[in-house]
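These are the residues of each chain, in order.
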Number of protein chains: 2
Amino acid sequence: MKDDKKQVKSITPMDEDFAQWYTDICKKAELIDYSSVRGCLVIRPYGYAIWENMQRLLDARFRALGHENVYMPMFITESLLQKEKDHVEGFAPEVAWVTHGGEEELTERICVRPTSETLFCEHYAHVIKSYRDLPKLYNQWCSVVRWEKTTRPFLRSREFLWQEGHTMHATPEEAIAETEQMLNVYADFHESDLAIPVIKGRKTDSDKFAGAEATYAIEALMHDGKALQAGTSHYFGDGFARAFDIKYTDRDNSLKYPYQTSWGVSTRMIGGVIMTHGDDNGLVLPPAIAPIQVVIIPVAQHKEGVLEAAHKLKSRLEGKFRVKLDESENTPGWKYAEYEMKGVPLRLELGPRDIAENKCVLVTRHNGEKTVVSLDGIEDSVTERLSAVRDGLYEKALLNRERRTYDCRSIDEIKTSLSEHGAGFVRLMWCGDPECETKIKELTGVTSRCIPFEEEHLDDKCICCGKEAKHMVYFAVAY
Amino acid sequence: MKDDKKQVKSITPMDEDFAQWYTDICKKAELIDYSSVRGCLVIRPYGYAIWENMQRLLDARFRALGHENVYMPMFITESLLQKEKDHVEGFAPEVAWVTHGGEEELTERICVRPTSETLFCEHYAHVIKSYRDLPKLYNQWCSVVRWEKTTRPFLRSREFLWQEGHTMHATPEEAIAETEQMLNVYADFHESDLAIPVIKGRKTDSDKFAGAEATYAIEALMHDGKALQAGTSHYFGDGFARAFDIKYTDRDNSLKYPYQTSWGVSTRMIGGVIMTHGDDNGLVLPPAIAPIQVVIIPVAQHKEGVLEAAHKLKSRLEGKFRVKLDESENTPGWKYAEYEMKGVPLRLELGPRDIAENKCVLVTRHNGEKTVVSLDGIEDSVTERLSAVRDGLYEKALLNRERRTYDCRSIDEIKTSLSEHGAGFVRLMWCGDPECETKIKELTGVTSRCIPFEEEHLDDKCICCGKEAKHMVYFAVAY
């Protein structure tokens, strides 16, 4: 029987070393394991179940908007990758090259997809012939490879799992509307299901996706005050269509190029969840994606009727919730610590006295709040508590972001805010000149995150050069 | 308005050129497209939806038996691949090698996984420490790469999608039971859901998976009389555990090696469905995996009330079935041909007269049978018809297999049977000597498929050498 709470709980406190705390959670909550290829992770059952829940929820949203799933090859020939100039410049430095098949050297080397614009375009050139073939609303779930120098679990790995939507439209307006719509889907998923507040905005030109006309992104603020780009949506105009010669015959019989988008989110979101909600006891999961939403812990389980009542309760809750009953021989204390580490949103304690009184105790993971509820209508109580967890997590994360958002009107003010109050979002006015963007970074360490859809007018002048300001921009140190 | 049935129907008749017929269906039913890397396919929305249905049904079966999904990296270092001698010999000649990450040459080359035994073993060595950690019942859905010389859509491609289960057990008995159980799952899935009758059996030693002690397989007979290996399940003993030093402390405190299995099915099953059920009008899909189970075709849809009634009917059937209503401007004849090509199991025709009489016409794809049914209780009629399609497909496939199964007692009899009645399964008695196996192949062209779990005693003597027979074996020309 394990009754030593310490063994489970031995993770580095987040205030002591946030990076180590993060890695500790990835390991101790059994999300990942390392493999012999650096930057390539094993995603363990508990971690993968989180990803499957994310997939299921997002996939339903995509389908409801008319998207269809497809599968493109994982390989791109070098000549195909080179068809769009900006794109190849952006990705060639970080792709993994296959040069041999078995014993034979390939006549042309091929890379493992870092993203699949080129593959989708090659296919679209085959199947888009008429205006009747538009729009094409395709999505794929797959893994991609980018040969990064420094890697961290979920946040930056050489192979990662993601979805990539790729769509083609008859008009720029329609394509831009799709780009915005999908960013809104990502934002709503983050806020509703992951309980992570996000800023929606547009990337500055220096930070656009390789080959895109415009890149939109959602940006979240982690517990430590660093920003995380949590999802992106790109508008390509007809640039790729021209490079790949994708043309369709319109109603008026003229040949036209279609307009394109792509959008993606990845296992990076798991990193975002950890760093937004986690604490010194481990992971904290929002109910929508938790592999176990409610864990039932029998108290004094050796006493007559306890396990029987626990099983009965489990049966009642199953189907409505993802429930686990832990009837192992470990002590309740050990179990509490274990499911705290794993971030299970709700613990249900049930002992002989509870059973006698027809009640049980519900404990919410994120704040330790205990509620004694009747076993009659337990389903409603669990629903209410899970909803309270989501709301509590969201409010806590929003409060952290608000506390760590600084409106600054001078370079000095940026430095002072960050040094006095800690890392966070810096909101400032900018003239639109990339040189000022670079200078702000050099002087203060923060980089531009996005120009929010909802800008505020903080000042008339650019914080850097003093010329007329064009935009309010979010800056931060980013993951 | 398209009203030319010919355009849809232009596929090569199967009796004229089965291989071309197969490729025509893959293209015309919009299952695949080719990419610029030979042997790597685009799986289009309709083809991918078939795969997603297969995944969903299998995944539920795996989970019900306690398996958990994980994700392993797609890369294997050369040294990791070499840890198990037989395994590397089997796979090294057909792996794709990555030698460069961006501009840099890797210090050790890595291959894209052809299968993931080595990756699972590396991970299992980290997480299996005690008897309490057993069994480990893991599965993953992913794509793998084998650099094949000749390729065909779904049947043999350089990249393909599959699932691979990898399990670890305390005893050989338990591992063997798992190997057999998963073969039974595959067999039941094929028979119940894909309507494909299969032979369950064991591979001869010459045909075992690289590194396995025993390989079990299900073998199906295609319409043209060639066999298709449709799923395999391997028992590894403790060979990999020893090679990878996976040890656990048993109850008695002694260190032991666990026993291992792996099992997989792939997108090859889509090829099996095409070649088992398809006909000269196109694809024929069993209802369980059909992306569209019922297509509603309005007749004289311009007449008042027809489309309205069709929509009402669609709403009634949705949720219970995967339904499509085609209200495009194409003629009913065009639509009939299109959904025949796509293999939709059931067509529902609804015209003004049907509506007036409160009835509709149901037409089953595989045999063109028409049934006039009342709109009252249409849900039950559709259920009954879909069930009849599954049964009809299964019986037809079984009949084809029975007609094409030849019990042979001499090499000459093999030759005669195949030349007089066409390709098929040859059942024969065998002494167990690999030399006889090779000789049979050289003399007749058929290769051993499996030693069935249910052997019959056809003769006392080996068909080849005349010595005492040990086994009844299925031989065939195989895909």
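Provided above is the structure to which this section pertains.
As the structure is a prediction and not an experimental result, all values here were calculated from the model.

Criteria and cut-off values
Counting restarts for each chain, with residues numbered from 1 along the sequence as it is written. A letter from A marks each chain and a number from 1 marks each ligand, given out in the order of writing. For this predicted model, a pLDDT threshold of at least 70 governs which residues receive local features, and a threshold of 80 or more governs which side-chain atom pairs are given and counted, while totals over whole chains, interfaces and linings are taken from all residues. Note that the side-chain values use all heavy atoms of the structure and ignore hydrogens as well as water. Numbering of helices and strands starts at the N terminus; helices are DSSP runs of H or I of at least 4 residues and strands are runs of E of at least 2. A radius of gyration in this sense is built from C-alpha atoms; the matching globule rule multiplies 2.2 Å by the number of residues raised to 0.38. The cut-offs for exposure are 20% and 50% of the maximum accessible area for each residue type, with area from a 1.4 Å probe on protein chains only; residues under the lower value are buried, those over the upper are exposed, and the others partly exposed. The criterion used for residue contact is that any of the two residues' heavy atoms lie within 4.5 Å. Using a 1.4 Å probe, accessible areas were evaluated by the Shrake-Rupley method; residue-level cover was limited to the displayed protein chains. Positive charge is attributed to Lys and Arg, negative charge to Asp and Glu, and no charge count is given to His or to the chain ends. By convention, the charge on Lys lies at NZ, on Arg at CZ, on Asp at CG and on Glu at CD. The arc refers to the directions leading from the helix axis to the C-beta atoms. Pairing of N or O atoms within 3.5 Å defines a polar contact, subject to two protein rules: one partner must be a possible hydrogen donor and the other a possible acceptor, and residues neighboring in sequence count only if both atoms are side-chain atoms. Any pair of Phe, Tyr and Trp rings, taking the six-membered ring for Trp, is counted once the centres come within 6.5 Å. Such a pair is stacked with planes under 30 degrees apart, edge-to-face with planes over 60 apart, and tilted for the rest. The copies were overlaid with a least-squares fit restricted to C-alpha atoms from residues scoring a pLDDT of at least 70 in each copy. Whenever Lys or Arg places a side-chain nitrogen within 4 Å of a carboxyl oxygen from Asp or Glu, that contact is recorded as a salt bridge. In this analysis, axes come from line fits to C-alpha atoms, helices being fitted only over the stretch in contact, and the angle between any two N-to-C directions falls in the range 0 to 180 degrees. In what follows, roughly perpendicular refers to angles from 65 to 115 degrees, roughly parallel to angles under 35, roughly antiparallel to angles over 145, and oblique to any angle outside these ranges. Left-handed is the label given to a crossing in which the near helix is rotated counterclockwise from the far helix by less than a right angle, and right-handed is the label when the rotation is clockwise. Gly falls in the polar group here, along with every residue not listed as nonpolar (Ala, Val, Leu, Ile, Met, Phe, Trp, Tyr, Cys, Pro) or charged (Asp, Glu, Lys, Arg). A strand pair is defined by DSSP finding two or more bridges across the two strands. Buried area is understood as the total, over both parts, of accessible area removed when two parts are fitted together, assessed with a 1.4 Å probe.

Participant: Can you help me understand the overall build of chain A in this one?
Facilitator: On a plain count of helices and strands, chain A comes out with 15 helices and 23 strands. A compact globule built from 479 residues would reach a C-alpha radius of gyration of about 23 Å, and chain A, at 25 Å, matches this within 12%. By principal-axis analysis of the C-alpha atoms, chain A measures approximately 80 × 55 × 50 Å. The 479 residues of chain A split such that 60% are buried. Taking contacts inside chain A between residues at least 6 apart in sequence as the whole, the part at least 24 apart equals 68%. Carbon and sulfur atoms form 46% of the exposed surface of chain A, whose accessible area is close to 19,100 Å². Averaged over its 62 positive side-chain charges, chain A has a centre that lies 2 Å from the centre of its 77 negative ones.

Participant: How should I be thinking about helix α15 (residues 434-444) of chain B in this particular structure?
Facilitator: Each α-helix turn comprises 3.6 residues. Residues three or four places apart therefore point the same way. Residue and element names in this part refer to chain B. Regarding α15, the residues found buried are Cys-436, Glu-437, Ile-440 and Thr-444. In an axial view of α15, the angular spread of the buried residues amounts to 105°, which keeps them on one side of the axis. Seen from the buried face of α15, the exposed residues on the opposite side, beyond 90 degrees, are Glu-435 and Glu-442. The secondary structure elements touched by the buried residues of α15 are α14 (411-421), β21 (425-430), β22 (447-452) and β23 (471-476). Of the residues flanking the start of α15, the one acting as N-cap is Asp-433, its side-chain oxygen 2.8 Å from the backbone nitrogen of Glu-435. Taken from the residues just after α15, Gly-445 is the one with a positive phi, measuring 90°.

Participant: I tried to follow the packing of aromatic side chains on my own but got confused; where do I start?
Facilitator: Pairs of aromatic rings are described using the distance from one ring centre to the other and the angle between the two planes. Residues and elements named next belong to chain B. Counted under the stated rule, the structure contains 32 aromatic pairs over all chains. Their ring planes at 55° and their centres at 5.4 Å tell us that Phe-91 and Phe-209 sit as a pair that is tilted. Of the two residues, Phe-91 is situated in helix α5 (residues 85-91) and Phe-209 in the loop between β9 (199-202) and β10 (214-221); the sequence distance between them amounts to 118 residues. On the basis of relative accessibility, which here comes to 14%, the residue Phe-209 falls in the buried class. Plain terms: the ring middles of Phe-209 and Phe-236 are 5.9 Å apart, the flat faces sit at 75° to each other, and that makes the pair edge-to-face. Placement of Phe-209 in the loop between β9 and β10 and of Phe-236 in strand β11 (residues 227-237) is noted, with a sequence separation of 27 residues between them. Judged on exposure class, the residue Phe-209 and its partner Phe-236 are both buried.

Participant: What's the story with the relation of the copies chain B and chain A in this structure? I'm lost.
Facilitator: Put simply, the second copy of the chain is the first one after a rotation about an axis and a shift along it. Taken as rigid bodies, chain B and chain A are interconverted by a rotation of 180° and an axial shift of 0.0 Å, the fit giving an RMSD of 0.0 Å. This pairing of chains is accounted for by a two-fold axis. Relative to the rotation axis, the C-alpha of Val-98 of chain B is the closest in chain B, positioned 2.1 Å from it.

Participant: Looking at this structure, I do not really get the pattern of salt bridges. What am I missing?
Facilitator: It is possible for side chains of opposite charge to pair when their charged atoms get near one another. Considering all chains together, one arrives at 62 salt bridges over all chains under this definition. Between Glu-219 of chain A and Lys-203 of chain A there is a salt bridge; the shortest N-O distance is 2.8 Å. Within this pair, whereas Glu-219 of chain A is found in strand β10 (residues 214-221), its partner Lys-203 of chain A is found in the loop between β9 (199-202) and β10, the two being separated by 16 residues in sequence. Given the relative accessible area of 1%, Lys-203 of chain A is considered buried. The partner of Asp-238 of chain B in a salt bridge is Arg-242 of chain B, and the shortest N-O contact between them spans 3.1 Å.

Participant: Teacher, can you tell me more about the packing of helix α2 (residues 18-28) of chain B against helix α9 (residues 268-277) of chain B here?
Facilitator: The geometry of a pair of packed helices is captured by two quantities: the angle between their axes and the separation between those axes. Residues and elements named next belong to chain B. At a closest axis distance of 11 Å, the pairing of α2 and α9 adopts a crossing angle of 120°. With respect to α9, the axis of α2 lies oblique. Seen from above, α2 lies across α9 with right-handed handedness. Between α2 and α9, the residues in contact are Phe-18, Trp-21, Tyr-22, Ile-25 and Cys-26 and Gly-271, Ile-274 and Met-275, respectively. A per-class count over the contact of α2 with α9 returns seven nonpolar, one polar and no charged.

Participant: Any chance you could explain the side chain of Arg-347 of chain A here in plain terms?
Facilitator: By the secondary structure assignment, Arg-347 of chain A is in strand β17 (residues 346-350). A polar contact is formed between the side chain of Arg-347 of chain A and the side chain of Glu-349 of chain A, at a distance of 2.8 Å.

Participant: Explain the sheet that holds strand β4 (residues 75-77) of chain B here, please?
Facilitator: Backbone-to-backbone hydrogen bonds pair the strands of a sheet. The strands run either parallel or antiparallel. Pairing within the open sheet is antiparallel, and its six strands lie in the order β4(A)-β6(A)-β5(A)-β5(B)-β6(B)-β4(B). Of all the strands in the sheet, the pair left with one neighbour each is β4 (75-77) of chain A together with β4 of chain B. This sheet shows a mean twist of 45° between the axes of neighbouring strands, independent of strand direction. As defined by bridge partners, strand β5 (residues 96-101) of chain A adjoins strand β5 (residues 96-101) of chain B across five bridges and the pair is classed as antiparallel.

Participant: I'm lost on helix α11 (residues 332-341) of chain A in this one. Help?
Facilitator: All names here are of chain A. Most of α11 sits out of view: seven of its 10 residues are buried. Of the positions making up α11, those classed as buried are Trp-334, Lys-335, Tyr-336, Ala-337, Tyr-339, Glu-340 and Met-341. Downstream of α11 by a residue or two, Gly-343 has a phi angle that is positive, lying close to 75°.

Participant: Could you clarify how one ought to interpret the sheet that holds strand β18 (residues 359-364) of chain A in this entry?
Facilitator: Residue and element names in this part refer to chain A. Pairing in this open sheet of five strands is mixed, and the strands run β16-β15-β17-β18-β19 from one edge to the other. Only two strands of the sheet have a single partner each, and these edge strands are β16 (323-325) and β19 (370-374). Going from strand to strand, the sheet's axes swing by 25° on average, the running direction of each strand aside. In this structure, strand β15 (residues 294-298) lies alongside β16, joined through three bridges in parallel fashion.

Participant: Help me understand the interface of chain B and chain A, please; the structure alone is not making it clear to me.
Facilitator: In many analyses, interface size is given as the accessible surface area lost on bringing the parts together. Tallying the contact residues gives 52 residues for chain B and 52 residues for chain A. It is Pro-45, Tyr-71 and Phe-75 of chain B in chain B that bury the most area against chain A; as a group they hold 14% of the surface buried on that side. Taken together, chain B and chain A are joined by four salt bridges. For the pair chain B and chain A, the interface holds 27 residue pairs in polar contact (both at pLDDT 80 or more). No other element matches the six residues that β5 of chain B contributes to the side of chain B that touches chain A. Split into classes, the residues belonging to the side of chain B that touches chain A amount to 29 nonpolar, 11 polar and 12 charged.

Participant: Even after reading the chapter, I still don't get the pairing of β17 of chain A, so can you show me in this structure?
Facilitator: Two faces belong to every sheet, and in a regular strand the side chains alternate between them. All names here are of chain A. Of all the five residues making up β17, five are buried; the element is thus mostly covered by neighbouring parts of the structure. In β17, alternate side chains face the same way, and those of Leu-346, Leu-348 and Leu-350 on one face and Arg-347 and Glu-349 on the other are all buried. Direction of pairing for β15 relative to β17: parallel, over a ladder of five bridges. When the sheet's bridge partners are listed, Ile-296 is paired in β17 with Leu-348. Strand direction decides the pairing type here: β17 and β18, joined by four bridges, are antiparallel. Counted as the bridge partner of Arg-347 is Val-363 from β18.

Participant: So what exactly am I meant to see when it comes to the side chain of Glu-52 of chain B here?
Facilitator: For Glu-52 of chain B, the position within the fold is in helix α3 (residues 45-64). Apart from the residues lying within four places of it in its own chain, the contact partners of Glu-52 of chain B are Arg-63 and Asn-69 of chain A.

Participant: Please explain the pairing of β11 of chain B as it appears in this structure.
Facilitator: All names here are of chain B. Burial analysis of β11 places 10 of its 11 residues in the buried class, the great majority of the element. Examined bridge by bridge, β10 and β11 share eight bridges and lie antiparallel to one another. Residue pairing for β11: Ala-217 is matched across the bridge by Thr-232. Adjacent in sequence and paired antiparallel, β10 and β11 are bridged by five residues, among which Gly-225 carries a positive phi angle near 90°. Alignment of β11 against strand β14 (residues 259-266), held across five bridges, turns out to be antiparallel. Within the sheet, the bridge partner assigned to Thr-232 lies in β14 and is Gly-264.

Participant: What's the story with the packing of helix α14 (residues 411-421) of chain A against helix α15 (residues 434-444) of chain A in this structure? I'm lost.
Facilitator: Residues and elements named next belong to chain A. Two numbers describe how α14 lies on α15: the axes approach to 10 Å, and their chain directions differ by 40°. By the angle class used here, α14 and α15 are oblique. Remark: the crossing between α14 and α15 carries right-handed chirality. Contacts from Ile-411, Ile-414, Lys-415 and Leu-418 in α14 reach Ile-440, Leu-443 and Thr-444 in α15. Looking at side-chain class alone, the contact of α14 with α15 contains five nonpolar, one polar and one charged residues.

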